[in-house]
Each structure stands twice: as structure tokens, then as C-alpha cells.
Amino acid sequence: MADGHYDVIIIGTGAGGGTLLNRLASSGKKILVLERGTFLPREKANWDSQQVLRKERYRNGDVWYDKNGKAIRPGMHYYVGGNTKFYGGALFRFRQQDFEKVIHKGGISPEWPLKYQDFAPYYAQAEKLYEVHGQRGLDVTEPQIGEDYPFPAVSHEPYIQNIHYALKYQGLHPFYIPLAVKLNEVNRSLSACIRCDTCDGFPCFINAKADADINGVRPALVNPNLTLITNAKVMRLHTSASGQEVTGVEAEIAGKRQIFTGDIVVVACGAVNSAVLLLKSANDQHPNGLANSSRLVGRNYMAHKFAVVMALSTKPNPTVFQKTLAVNDFYWGEKDFAYPMGSVQLLGNIHKDRVAAHAPAFMPSKMSEFVANHSLCWLLITEDLPDFNNRVQINGEKIIIDYTNNNQEAFNRLIERWNEVLKSIRGRPYRFSSFSSFITSKMGLQEVTHQCGTCRFGEDPKTSVLDINCRTHDVDNLYIVDGSFFPSSSAVNPSLTIMANALRVGEHLLERLG
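Residues numbered from 1 in each chain as written. Predicted model: local features only at pLDDT ≥ 70, side-chain atom pairs only at ≥ 80, totals over all residues. Heavy atoms only, no water.

Student: I'd love a proper account of the layout of surface pockets, names of residues and values included.
Tutor: Counted as a void, the second largest pocket has a volume near 310 Å³. Around the second largest pocket, the lining is made up of 16 residues, and of these Tyr-403, Asn-405, Met-443, Gly-444 and Leu-445 lie nearest the centre. Elements represented by at least two residues in the lining of the second largest pocket include exactly β15 (305–313) and α9 (408–424). The residue makeup of the lining of the second largest pocket, split by class, is seven nonpolar, five polar and four charged. (1 Å grid on protein atoms, 1.4 Å probe; cavity = no way out; pocket = protein on both sides within 12 Å on 5 of 7 lines; lining within 4 Å. Points joined across faces, edges and corners; volume = space filled by probe spheres on them. Helix = DSSP H or I, 4+ residues; strand = E, 2+ residues; numbered from the N terminus. Nonpolar A, V, L, I, M, F, W, Y, C, P; charged D, E, K, R; others polar.)

And the structure:
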């Protein structure tokens, strides 16, 4: 039974879906948005580190499995706005060379069918939509950009500013992280953001984070042609007898199955769940999964190589909002290592509950608190290379992440090099305490916030799932606008590229709809 026909159906409201619906909402076209979750509740627990970090109050109930059958609890959040509700707001443009073929020590990062200049105008639009704060000209790897950021950089607090000076003293080029926050430092009385210590990894209780919900979805809801249904889990897509168009979107709402129809269907569930939806939608015309004649749906899964380097000091770190500084000097390698290594950026404050969550059970609470108050944590990102054998699969209702690590030499070198840098700034003439010890942790398969690559775009239907407008080669009215389309992952946060691409695809869809 059909429950309504629409010009466009969008599945998912994260960085891709939330941005796309914002772009299309004012068109007058009849648009249906199906979101698996609901609006994230505004409650005191938003900023309660024990509730968020220890009790994982807002995590979904999904369990995935690795290639050996071990259960994984992925860091996924099903709410309007998707995982952007919990991101740190770091919105980087990919480097210009990231769109070219890049030789790594561990393999090859392939050339994209579109280049930086194709994305540049949409990067600018996305930075404006998401109120990005930053400063041009400090990042040594930054592409040539004609316009300034929409808002000035978020300033460093004194402890971080002195580390900035110390890094420059070592010949490095620290810069301000481009951040999507609603901050007015000139007139704090007009600022939504209060520079709290519960931003990175937390939902914002005062809606001061520029995420896909607050900046994408909610402004669009004023348009009467837009219908948003929450708690709507899409189960499968149905096609015509020829298999060349989607004729029905089957969703489970309040325990009942309903089918919606639309001229155009856009999937934006995240790289894992979008691939899963296509695989679960297999039929006689698409026996290996919908739009999968290339046999590439779910393959080339990437999610970055993450490490956290915790630098401990004997003196406390008084910084409240510390996710403001980054370094890209090793992005393309260094003098005696002619291969890309990756990016470095500060993480938000490490609360005692996060320390306790990863510490041995016997560690006293006071010790966790001491570590949290005397630490500064850095996130290191190395490019995860596309590998045909790294894939998302299904076995009945089970989601399997069949993944083998790659590019490890560059990753390990970045970790080693950054530890050396932190040790080198000991005792320098700046007003912060020297770091006395360092703890490095590599992140596992459960870290999926940077997931991408499972339905890559390209011009050849034999080697890609999507065309350059992110329409599936096999199904005329089916598009994907999350990180699935990435041919490679680069070594910076993917959100801005997903947002920019959604704006680009939105422009194409408006032309197609007429």
C-alpha cells in the first residue's frame, strides 16, 4: 500500500541528507524525509559526561561484527542530524592534491573523477551554511582559496596559545581548526556558544553547535512542501519490473510497514548503512544487491586510521575549550619519508569519565580525575586506503565489517614523530608545564564517524557504483549523498566534503526536476 507520492524522498538527515534537504526545501517540490531516529532530547544529560561517556546514553543499540565474528558496538547515533550531533565541528576542505592519484607507502590513493576546483564553490557554500570559523593562510597544505572564512577563528586559550608558540619555535606551522560553532567572541552577550568543555563528543544543550540538525534541517522545516517523519527505519527499496527505477521505499514506522513512492530517491544513511540498504534490497533484477552490477556496493570501506596521543603534565591544564589547534606539517610526509603521513589536531577536553571508560577497572576515581585534569589529547589521522577486500557485508540481519588494516608504516611514523615533537617542546620559554609522559591509543573498528567509500562515484559503471552526480549507474532515480561516494578518504575530517557534495548534487537535482 502506498502512503503518498513525492517529488523527492530523502533517507537520513546527517551531513549529507540534512544538507541536501536544506538545499531543496525552498524549491516548492514535494519532499519527504525519513529519519531512523528522532530529535535528540534537550536535557541536562546532554552535558553529563557520566551519562554520555560512561553510560553511552545516546548511542544506538546496533551491534555489528568484524570478520572473525566478534561483536562491535559502533559509535553511531540515530537522531535528526545524525552523527553531526556529536561531532567536534571540525570542517576541513580536502587538500587540492587529495583529489589526484597519490602514492602512499602502503598503496595508492586513486584519482577522483572531479577535482578540487569542481568542489570549491560548494565548499564555500557549505562553510557559510555551517557558520565555519577559521583563518586562511596559516595551514601549509591549504588549497588556494579566494574568500575568507565566514567567521573569524576561534581563539586559543592561554595554555593552548603557548603551545602554539612552542610549535612555531620548532619550525612548525600550527593553525586554527576550522570550527562550526555559533560563537561571537567580539560580543559574548550575542553569542550562542559559551565555549564550554562539553562540545567534542557531546550533543549541545543550548543548540550552539552548527550541525546538520540545527543548521540544515530545522531552518528547512518552515517550508510547507517538506514532510519529516522521524522514527522511520527504511527496510528496503523496491524497483520496477525492469529494475531500472525505484518504485517504493519501504519503512517501518510505529511497528508497521509503509511504502512511499517518489520520482527521485536519495539515500543518506552513512556509508555502512547505505551499503546495507542496497544489499538488503536485492531482487531478481539486482540479485547481488540494488545498483550492484559492479559488485562494488559495500567494498572499499574506509574510516581513517585514528590514534589519540595523551600528553600528561605534572601541572593542571586549565583550558576549558581546547579543540582549537591543528598541525599539517606532516600531511605529505617529511624530509626522509616521501610519503603522506597525516594530520594532527587537538581533541576536546578529556573528562574523567572518558579516562575511566578506557582505564583498568581497578583505577581509583581520583586517579582518573587527575589524569583528565593534567592532560592534553591530540587526534592523529592517517589516510585509510581503499581496498577491494575491505567491505561491508550482510549475513541475514547481521552487518559485518570485513576489514584488514593498511598503510600502517605511515601511521606509526606519524605517531612516533608527533611524540618526538611534544617531547621537543619541553622546557621551552613558554608559560605551560612541560609534558612528562605520553600515552598513545589506536582506535578500533567501532570508530565509524569518518566512514566512507562503500559506493564510490566515477564515470565507468564497471569500476564505480555512482556516476559523477552520485546517481547509481544501474537505477535511474536513485542517488546517494553521504560519504559512500568517496574514492579515497584523505587524512582530514570528511564532513565538509560530504556537505559540499550534497549541495552540488542538490543543484543537479533541481535542474533535473525542472
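Now that the structure is up, let's keep going.
Student: With reference to specific residues and values, describe the sheet that holds β15.
Tutor: Here we have six strands laid out as an open sheet, ordered β9-β16-β17-β18-β15-β21, and antiparallel in their pairing. A single partner strand is all that each edge strand has here, and the edge strands are β9 (175–176) and β21 (435–442). Where β9 lies against strand β16 (residues 325–327), two bridges are found, and the strand directions are antiparallel. The residue of β16 that forms the bridge with Tyr-176 is Leu-325. (Pairing = 2+ DSSP bridges.)

Student: Outline the side chain of His-450, supporting the account with residue identities and numerical values.
Tutor: Along the chain, the position of His-450 falls in the loop between β21 and β22 (478–480). If sequence neighbours within four positions are ignored, His-450 has contacts with Met-302, Ala-303, His-304, Phe-306, Ile-381, Asn-493 and Pro-494. (Contact = heavy atoms within 4.5 Å.)

Student: Before we move on, can you summarise the packing of helix α3 (residues 116–129) against helix α10 (residues 495–513) with the specific residues and values?
Tutor: One way to put it is that α3 packs onto α10 with a least axis distance of 8 Å and a crossing angle of 105°. By the angle between their axes, α3 is roughly perpendicular relative to α10. Side by side, α3 and α10 meet where Asp-118, Phe-119, Tyr-122, Tyr-123, Gln-125, Ala-126 and Glu-127 of the first sit next to Leu-496, Thr-497, Met-499, Ala-500, Asn-501, Leu-503, Arg-504 and Glu-507 of the second. By residue class, the composition of the contact of α3 with α10 is eight nonpolar, three polar and four charged. (Axes fitted to C-alpha atoms, helices over the stretch in contact; angles between N-to-C directions. Parallel < 35°, antiparallel > 145°, perpendicular 65-115°, else oblique.)

Student: Tell me what's going on with the pattern of salt bridges, and back it up with residues and numbers.
Tutor: All told, the structure shown has 31 salt bridges when counted by the stated rule. With a closest N to O distance of 3.8 Å, Glu-56 and Arg-59 form a salt bridge. For Lys-85, the salt bridge is made with Asp-213, and the minimal N-O distance between the two is 2.9 Å. Of this pair, Lys-85 sits in the loop between β4 (71–72) and β5 (102–104) while Asp-213 sits in helix α5 (residues 212–220), and the two are 128 residues apart along the sequence. Here Lys-85 and Asp-213 have matching classes, each one buried. By sharing partners, the salt bridges in this structure join Arg-93, Glu-127, Arg-136, Glu-142 and Glu-147 into a single network. (Salt bridge = Lys/Arg side-chain N within 4 Å of Asp/Glu carboxyl O. Buried < 20%, exposed > 50% of the residue type's maximum accessible area, 1.4 Å probe, protein only.)

Student: Account for the side chain of Ser-281, with residues named and values stated.
Tutor: Among the structural elements, Ser-281 can be located in the loop between α6 (271–280) and β15. Not counting chain neighbours up to four residues away, the residues in contact with Ser-281 comprise Arg-236, Leu-237 and Leu-290.

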